[in-house]
Amino acid sequence: MPENQQGNTLAVSIVFFARARELAGCSEAMLQVPAGSNTTSLPQLILTAYPQLKTVLPSCMLSLNLDYVDQEHPQLLKAGDEVGIICPVSGG
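Residues numbered from 1 in each chain as written. Predicted model: local features only at pLDDT ≥ 70, side-chain atom pairs only at ≥ 80, totals over all residues. Heavy atoms only, no water.

A. The arrangement of the pattern of salt bridges in detail. Scanning all chains against the criterion turns up 2 salt bridges. Taking the shortest distance from any N to any O, the salt bridge between arginine 19 and glutamate 22 comes out at 3.0 Å. Of the two residues, arginine 19 and glutamate 22 both sit in helix α1 (residues 18–24), 3 residues apart, roughly one turn of that helix. (Salt bridge = Lys/Arg side-chain N within 4 Å of Asp/Glu carboxyl O. Helix = DSSP H or I, 4+ residues; strand = E, 2+ residues; numbered from the N terminus.)

Structure representation (structure tokens):
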């Protein structure tokens with residue numbers, strides 16, 4: 001069994017940016033998700049582990065292995081995947 005997979009779950013790396021990092025209290029973490037999870041279920045899985053993100057996660061973009069997630073085309077998560085939580089940025 002791969003190192004990042006245990007039974008019916010697999011480990012993915014979550015990288016928090018900007019306000020998400022402040023709310024999560026860390027810049028990255030490992031998250032155990034059920035085997036068979038995909039990018040559609042990802043926001044709820046993140047909120048279950050980090051409920052303090054509920055105010056910002058709906059406006060954030062998610063990335064999977066450095067590519068933005070397209071919620072209309074779900075992708076299956078694999079052990080060792082890197083998920084980025086990217087909050088909106090404004091400038092002036």
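Text resumes after the structure shown.
B. Summary view of the side chain of serine 13. With respect to the helices, strands and loops of the structure, serine 13 is situated in strand β2 (residues 9–16). The exposure class assigned to serine 13 is buried, which follows from its relative accessible area of 13%. Those residues in contact with serine 13 that lie beyond four places of it in its chain are Glu28, Ala29, Met30, Asp81, Glu82 and Val83. (Buried < 20%, exposed > 50% of the residue type's maximum accessible area, 1.4 Å probe, protein only. Contact = heavy atoms within 4.5 Å.)

C. Focus on the nonpolar core. One finds Ile14, Phe16, Ile46, Leu53, Leu57, Leu62 and Ile85 to be the most contacted residues of the largest nonpolar core, which totals 23 residues. Among the elements of the structure, β2, α1, β3 (28–34), α2 (42–49), β4 (61–64) and β6 (82–86) are those that each provide at least two residues to this core. The greatest single-element share of this core, amounting to 4 residues, is contributed by β2. With sequence-adjacent residues up to four places away left out, isoleucine 14 is seen in contact with Ser27, Glu28, Ala29, Leu31, Ile46, Val83 and Ile85. (Core = buried A, V, L, I, M, F, W, Y, C linked by side-chain atoms within 4.5 Å.)

D. Focus on the packing of aromatic side chains. All chains considered together, the criterion is met by 1 aromatic pair. Taking the centre distance of 5.0 Å and the plane angle of 70° together, the rings of phenylalanine 16 and tyrosine 50 count as edge-to-face. Taken together, the positions of phenylalanine 16 in strand β2 and tyrosine 50 in the loop between α2 and β4 put the pair 34 residues apart, joining distant regions of the chain. Comparing phenylalanine 16 with tyrosine 50, the two get one shared label, buried. (Phe/Tyr/Trp six-rings, centres within 6.5 Å; stacked < 30°, edge-to-face > 60°.)

E. Focus on the pairing of β6. Across 4 bridges, the pairing between β2 and β6 is parallel. Pairing of serine 13 across the sheet is with glutamate 82, part of β6. The pairing of β4 with β6 spans 4 bridges and is antiparallel. Residue methionine 61 lies in a different strand from β6, and its bridge partner there is isoleucine 86. (Pairing = 2+ DSSP bridges.)

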